[in-house]
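Inside the fold
What follows is the residue order along each chain.
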Amino acid sequence: MDSKTDTSEEFAGDSTEAGGSQDALKRAMAASTSATAAAPEDTDGGPVAVEIADLNFFYGDFHAVTDVSLRFRTNEVTALIGPSGCGKSTVLRTINRMNDLIPGTRADGRVLFNGKNVYDDDVDPVEIRRRIGMVFQKPNPFPKSIYDNITWGARINGYKGDYDELVENSLRRAALWDEVKDKLRQNALRLSGGQQQRLCIARTIAVEPEIILMDEPASALDPISTSKIEDLIFELKERFTIIIVTHNMQQAGRISDKTAFFMVNDKRSGYLVEWGKTRELFFNPKDERTEAYISGRFG
Amino acid sequence: MEGRLPLNNQMSELHQSILRMGALVEEALNKALESLRNEDVELATAVVEGDKVIDALQREIEDLATTIIATEQPGATDLRDIMTAAKIAADLERIGDHARHIARAVEKLPSELIVASVPSIESMARTGTQMVHDALTAFVEQDATYAKAVAERDDQIDKVHRAMYQNLLSIMRDKPEWLEHGVELLFLNRYLERLGDHVTNICEWVVFSKTGEHVELNK
């Protein structure tokens with residue numbers, strides 16, 4: 001599949017791409033260094049896939065997210081955790097401009113995807129959402145066949161390859177193929193909740209995104225389905241960069257390489273308290289607010 | 001910090017068990033010393049028997065630590081605290097063994113050797129016993145600075161240990177007929193020296209529990 005537009009090439013992070021985008025990346029990285037100086041421990045891992053710098057987000061007059069700066073590295077799983085209302089889902093949705101769909105919202109600051117601000121005027125949000133896919137809390141397959149669910153996005157993108165192959169590959173990578181290979185024409189809504197969620201993941205990866213955002217993807221699932229999703233996340237990070245919001249701290253501990261902990265201030269605005277390697281955050285957090293949350297003590 | 005009553009109760013039980021084990025170990029060391037000083041075989045036997053209670057308490061602490069991890073999924077400070085408790089229990093168990101070794105010497109050594117060596121043995125054992133007590137205070141109070149200060153006292157034990165070692169060597173050189181008992185005392189001297197090392201381990205774990213950093217004290 002190759003349906004890259006001019007816009008998408010602006011976002012190219014591959015070092016073999018044209019020099020122009022590399023310059024943009026370098027400029028962006030240089031500009032954003034100071035914004036994230038509070039996390040000096042973040043020096044290892046692969047290249048930065050997404051960098052959020054000085055992000056403030058507003059729903060109308062409501063200042064929902066305050067001064068968030070954070071990096072996500074390629075082929076890592078980063079978990080966003082924190083109490084309800086701390087802005088973690090809002091931050092997640094700024095990454096592929098999903099919040100644009102809510103009227104009256106405004107994002108200040110930068111969300112750099114391969115060095116390019118996704119909020120720049122010349123950026124097509126639809127293209128962004130293809131390259132940064134999303135899986136939601138409740139499985140939301142289209143009321144169509146399993147097969148059509150997978151091919152839908154590819155058809156819109158003008159995919160010229162073999163659709164049968166695309167369906168099989170996507171379902172295999174989402175660990176669903178063996179369960180559905182004999183009923184691809186069956187309506188997706190007849191699948192179990194856990195299968196529907198894996199189908200949504202298959203649908204997301206079918207359009208070959210670089211990043212997958214997951215907003216509590218397992219919170220509506222039983223422990224067995226949850227475990228399958230977690231195994232899947234572990235396998236998917238080989239190919240994708242994954243950013244996941246979860247209420248389940250143990251889940252964050254199990255599946256993520258990095259964890260970012262958010263809280264809500266007295267003006268009900270979410271902010272980032274601490275982020276870094278998951279092991280450090282869970283075993284030896286630097287901030288006492290993180291300590292209280294990780295220990296389950298909310299005094 | 002508030003919240004998590006069941007976890008708090010179990011953590012408190014864990015700390016109490018460590019303190020109880022510490023008290024038993026201190027008592028065992030004191031009694032072992034007394035049995036040696038008075039050549040009291042009956043008291044020595046009680047120390048040997050009492051070590052079984054210490055061993056059982058170690059297993060209890062390990063089981064409790066495992067249960068808390070399995071049922072409460074503790075994180076951060078709680079988790080380090082639990083790891084530390086289990087490690088301390090293992091060192092206390094070894095110190096209990098050394099109390100037993102001291103008690104056993106009562107039956108193995110002739111009076112005149114006991115009388116001659118008691119001052120050195122007593123010096124090391126007293127320092128060690130106080131170190132056990134203070135290290136556990138540092139643990140319960142999560143005081144890493146105090147833990148480091150306690151560990152420094154290991155030098156005092158090491159000095160006496162070295163002097164006694166040299167002394168025993170020269171005795172054995174001069175009087176080969178005491179070789180067998182001399183070797184027995186060399187072992188005893190070594191056990192007492194190990195006492196300080198085990199307390200140092202405990203202090204290192206207290207620092208870990210408080211800071212999350214592994215340190216090497218007395219190296």
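Residues numbered from 1 in each chain as written. Chains lettered and ligands numbered in written order. Predicted model: local features only at pLDDT ≥ 70, side-chain atom pairs only at ≥ 80, totals over all residues. Heavy atoms only, no water.

Let's talk about unusual backbone geometry
Trans is the prevailing form of peptide bonds, just as negative phi is the prevailing case for residues other than glycine. All names here are of chain A. In this structure, Arg-97 is a non-glycine residue whose phi angle is positive, near 55 degrees. The backbone of Glu-216 sits at a positive phi, close to 50 degrees, despite the residue not being glycine. Among the secondary structure elements, Glu-216 is positioned in the loop between β7 (211-215) and α9 (223-236). Of the residues examined, Glu-216 reaches a relative accessible area of 10% and is grouped as buried. (Helix = DSSP H or I, 4+ residues; strand = E, 2+ residues; numbered from the N terminus. Buried < 20%, exposed > 50% of the residue type's maximum accessible area, 1.4 Å probe, protein only.)

Regarding helix α6 (residues 154-174) of chain B
Side chains of residues three or four places apart in an α-helix project in the same direction, reflecting 3.6 residues per turn. Residues and elements named next belong to chain B. Here α6 spans 31 Å end to end across 21 residues, near enough to the 30 Å set by a 1.5 Å rise per residue. Within α6, the full set of buried residues consists of Asp-154, Ile-157, Asp-158, Val-160, His-161, Met-164, Leu-168 and Met-172. Considered in projection along α6, the buried side chains sweep an arc of 165 degrees and stay on one side of the axis. Exposed and facing more than 90 degrees away from the buried side of α6 are Lys-159, Arg-173 and Asp-174. (Expected span 1.5 Å × (residues − 1). Arc of directions from axis to C-beta.)

Brief notes about the confidence of the model for chain B
Residues and elements named next belong to chain B. Per-residue confidence for chain B gives a mean pLDDT of 94, with 99% of residues at or over 70. Averaged pLDDT values for the elements of chain B fall to 94 in helix α4 (residues 111-140) and rise to 97 in helix α5 (residues 144-152). What the predictor reports for the complex is a pTM of 0.81 with an ipTM of 0.76. (pLDDT = per-residue confidence, 0-100.)

Remarks on the side chain of Glu-26 of chain B
Residue and element names in this part refer to chain B. Here Glu-26 lies in helix α1 (residues 5-37). It is Arg-126 that comes nearest to the buried, bridge-free Glu-26 among opposite-charge side chains, at 9.6 Å. If near-sequence neighbours (up to four positions away) are discounted, Glu-26 is found in contact with Thr-129, Val-132 and His-133. (Lys, Arg positive; Asp, Glu negative; His and termini not counted. Salt bridge = Lys/Arg side-chain N within 4 Å of Asp/Glu carboxyl O. Contact = heavy atoms within 4.5 Å.)

Remarks on the pattern of salt bridges
Residues and elements named next belong to chain B. In the structure shown here, the tally under the stated rule is 35 salt bridges over all chains. Here Glu-122 ties to Arg-37 by a salt bridge, and the two come within 3.1 Å at their closest N and O atoms. Taken as a pair, Glu-122 in helix α4 and Arg-37 in helix α1 lie far apart in primary sequence, 85 residues in all. Of the charged contacts in the structure, one is a salt bridge between Glu-122 and Arg-126, with a shortest N-O distance of 3.2 Å. Pair noted here: Glu-122 and Arg-126 are both in helix α4, with a separation of 4 residues, about one helical turn. On the accessibility criterion, Arg-126 (42% relative accessible area) is partly exposed. One continuous salt-bridge network, built from bridges that share partners, spans Asp-51, Arg-94, Asp-97 and Arg-100.

Side note on the interface of chain A and chain B
With 13 residues of chain A at the contact, the number on the chain B side is 17 residues. Summed over both partners, the interface of chain A with chain B comes to about 1300 Å²; 51% of that surface belongs to carbon and sulfur atoms. Together, Phe-283, Glu-291 and Arg-297 of chain A form the three largest contributors to the area buried by chain A at its contact with chain B, with a combined 52%. In this structure, Arg-297 of chain A and Asp-78 of chain B form a salt bridge, with 2.4 Å as the shortest nitrogen-oxygen distance. At the surface where chain A touches chain B, the tally comes to 8 residue pairs in polar contact (both at pLDDT 80 or more). For the side of chain A that touches chain B, the secondary-structure elements that each account for two or more residues are α11 (278-283) and α12 (288-294) of chain A. Per-element accounting of the side of chain A that touches chain B gives the leading share, 3 residues, to α12 of chain A. (Buried area = accessible area lost by both parts, 1.4 Å probe. Polar contact = N/O pair within 3.5 Å; in protein donor to acceptor, adjacent residues only side chain to side chain.)

Describing the nonpolar core
Counting 63 residues, the largest nonpolar core has Leu-92 and Ile-95 of chain B as the members making the most contacts within it. Taken together, the elements giving at least two residues each to this core come down to α1, α2 (41-72), α3 (76-108), α4, α5, α6 and α7 (179-211) of chain B. Here this core gets 12 residues from one element, more than from any other, and that element is α4 of chain B. When near neighbours in sequence (up to four residues on either side) are disregarded, Leu-92 of chain B contacts Ile-18, Met-21, Gly-22, Val-25, Ile-54, Val-132, Leu-136 and Ile-202 of chain B. If you look at the next biggest cluster of nonpolar residues, it comprises 47 residues, including Leu-166, Met-214, Ile-255 and Leu-281 of chain A. (Core = buried A, V, L, I, M, F, W, Y, C linked by side-chain atoms within 4.5 Å.)

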